[in-house]
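Summary of structural features
Each chain, written out:
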Amino acid sequence: MSKEVGVVVVGLGFVGGQAHAPSFARIEGSRLVAVSDARPEAATRLVEKYGCQYFRDYEDAIRLPEVNAVAVAVPTPYHYEIASKALSLGKHVLCEMPLTSSLSLSKSLAVQGADAGVILMPVLNFRFTPNYVKAKELVHEGGVGEPMAFAFREHIPAGELASQWPLSSWAWDADKSGGFPDYTLSVWSIDLLRWLFETEIESVTWQSRYKDLPGIEDFKGYQTVGAVRLTNGVVGTLQYGATVGEGLGTSRLEIYGSNTKTLEASWNNKVTLRTTSENSEEWTFSEKGPRVWGHRQTDEYFVDCIL
């Protein structure tokens, strides 16, 4: 193929419209050929700024001969249909996570991609988030000695998530989404463990609680905790919650090592290696736009793999 990858972005919500589309329009070796969304107004700014085409019907967009790859950024219930159609047309596919609503559908996509001889790549952007890249570097340099345990916590303000995913939305329909919001939002950090420690998950036990919250209608707050053992012996916990108040959101990874040091990675921009309460090293990152949570880097890697 040529040294340019023609891309269409399907789905122009926050991630598709503000992360993937601008990235593919700017990445060397890629060209944003078209965007697709059921809402024409969602495409106006992108069409004007990048000179791409707009299609209401995604099939019309992905059939364009100059399109080599499709970025799927619609809600989970529509992933399989769009990705499968793109793979059947011989297009490379970058798909947001969760990949599909079930293991069987996900495995089916993997087979379809292999049969077509094209790339099917899930958007696992935590592998590219600046602070997690640094955290992995420190772990593999022996910064904490031998990693022994980890703790990951992600809390989303209840009111914020309720406005995005009320009980009437697809996110609370297990058949459509594969699980509830805690399931949908867990995939990146679960994969983070596999990538960070270069191992697999040996066993996991989950406990969840869902409850109506005062003052927040059409929503259930949740707290879900997983106890995990990795094949390399590292143990830890994963906690996902949507019960906290405004401004109290948290995204934090802690790694405990055999040399008594503790590694902390918070949000997307800070890593701290603590020796004692008064002795630590700290790194901060100031990426902007689609690079903040690693989406631009993910898209660059996708284009590089195709080329």
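First, a word on what this report is: a plain description of the structure on this page.

Cut-offs applied
- Residues numbered from 1 in each chain as written.
- Predicted model: local features only at pLDDT ≥ 70, side-chain atom pairs only at ≥ 80, totals over all residues.
- Heavy atoms only, no water.
- Disulfide = S-S within 2.5 Å.
- Buried < 20%, exposed > 50% of the residue type's maximum accessible area, 1.4 Å probe, protein only.
- Phe/Tyr/Trp six-rings, centres within 6.5 Å; stacked < 30°, edge-to-face > 60°.
- Axes fitted to C-alpha atoms, helices over the stretch in contact; angles between N-to-C directions.
- Helix = DSSP H or I, 4+ residues; strand = E, 2+ residues; numbered from the N terminus.
- Left-handed = near helix turned anticlockwise from the far one by under 90°.
- Contact = heavy atoms within 4.5 Å.
- Nonpolar A, V, L, I, M, F, W, Y, C, P; charged D, E, K, R; others polar.
- Pairing = 2+ DSSP bridges.
- Patch = residues over 30% accessible without salt bridge, like charges linked within 9 Å, V, L, I, M, F, W, Y side chains within 5 Å.
- Areas by Shrake-Rupley, 256 points an atom, 1.4 Å probe, with all protein chains shown as cover.
- Salt bridge = Lys/Arg side-chain N within 4 Å of Asp/Glu carboxyl O.
- Expected span 1.5 Å × (residues − 1).
- Arc of directions from axis to C-beta.
- Core = buried A, V, L, I, M, F, W, Y, C linked by side-chain atoms within 4.5 Å.

1. Let's talk about the state of the cysteines
- Across all of its chains, the model carries 0 disulfides by this definition.
- Unpaired in this structure, C95 has its nearest cysteine sulfur neighbour in C305, at a distance of 16 Å.
- Taking the relative accessible area as the measure of exposure, C305 reaches 36% and is therefore partly exposed.

2. A word on the packing of aromatic side chains
- Inspection of every chain in the model, using the stated rule, returns 13 aromatic pairs.
- Members of the aromatic cluster, each reached through a chain of ring pairs, are W172, F180, Y210, F219 and Y222.

3. Things to note about the packing of helix α6 (residues 130-140) against helix α10 (residues 187-197)
- Contact geometry for α6 and α10: axes closest at 9 Å, N-to-C directions at 40 degrees. When the axes of α6 and α10 are compared, the crossing they make is right-handed. Contacts between α6 and α10 involve Y132, V133, A135, K136 and H140 from the former and L192, W195 and L196 from the latter.
- Residue composition of the contact of α6 with α10, by class: 6 nonpolar, 1 polar and 1 charged.

4. Thoughts on the pairing of strand β9 (residues 216-230)
- Two elements, strand β8 (residues 201-213) and β9, share 11 bridges in a ladder whose sense is antiparallel. Considered in β9, the bridge of S203 is made with R229.
- Turn length for the β8-β9 hairpin, with the two strands adjacent in sequence and antiparallel, is 2 residues, and the turn residue G215 shows positive phi of about 85 degrees.
- Relative to strand β10 (residues 235-244), β9 is paired through 7 bridges, and the arrangement is antiparallel. Note on β10: the bridge partner recorded for Q223 is G241.
- Between β9 and β10, which pair antiparallel one after the other, the connecting turn spans 4 residues, and G233 there sits at a positive phi close to 95 degrees.

5. Points about a nonpolar patch on the surface
- Together, I201, V204 and W206 line one region of the surface with nonpolar side chains, adding up to about 220 Å² of accessible area.
- The residue V204 is located in strand β8 in this model.
- Its relative accessible area of 38% is what places V204 among the partly exposed residues.

6. Comments concerning helix α5 (residues 103-116)
- Relative to the 20 Å expected for 14 residues at 1.5 Å per residue, α5 spans 20 Å between its end C-alpha atoms, a close match to the ideal helical length.
- If you check which residues of α5 are buried, you get S106, L109 and G113. Buried residues of α5 fall within an arc of 55 degrees about the axis and therefore sit on the same side. In α5, the exposed residues that point more than 90 degrees away from the buried face are L103, S104, K107, A114 and D115.
- In the core, the buried residues of α5 are packed alongside α4 (79-88) and β6 (120-122).

7. Describing unusual backbone geometry
- In the segment running from M97 into P98, the intervening peptide bond is cis, with an omega of -5 degrees.
- For E198, which is not glycine, the phi dihedral falls at a positive 50 degrees.
- Counting through the fold element by element, E198 comes out in the loop between α10 and β8.
- Using a relative accessible area of 55% as the deciding quantity, one classes E198 as exposed.

8. Considerations on the nonpolar core
- Formed by 62 residues in total, the largest nonpolar core has its most connected members in F150, L253 and L263.
- Those residues in contact with L263 that lie beyond four places of it in its chain are A135, L138, V139, V144, L253, E254, I255, V271, T272 and L273.
- Of all hydrophobic cores here, the second largest spans 21 residues; its members include L32, A42, M121 and V303.

9. Things to note about the sheet that holds strand β1 (residues 5-10)
- Taken in spatial order, the 6 strands line up as β3-β2-β1-β4-β5-β6 in an open sheet, and their pairing is parallel. Here the strands that pair on one side only, and so sit at the sheet edges, are β3 (53-55) and β6. Across this sheet, the average inter-strand angle for adjacent strands is 25 degrees, counted without regard to direction.
- Against the sheet, helix α1 (residues 14-26) engages β1, β2 (30-36), β4 (69-72) and β5 (92-95), with an angle of about 145 degrees to β2.

10. Remarks on helix α11 (residues 295-306)
- With 12 residues, α11 extends 17 Å between its outermost C-alpha atoms, agreeing within 8% with the 16 Å of an ideal straight helix rising 1.5 Å per residue.
- Within the sequence span of α11, burial applies to H295, R296, Q297, T298, D299, F302, V303 and I306.

11. Considerations on the pattern of salt bridges
- Taken as a whole and assessed by the stated rule, the structure comprises 17 salt bridges.
- Residue E59 is joined to R63 by a salt bridge in which the shortest nitrogen-to-oxygen separation is 3.6 Å.
- Owing to a relative accessible area of 47%, R63 belongs among the partly exposed residues under this scheme.
- The salt bridge partner of E137 is K134, with a shortest N-O separation of 2.9 Å. With E137 and K134 both in helix α6, this residue pair falls 3 residues apart, about one helical turn.

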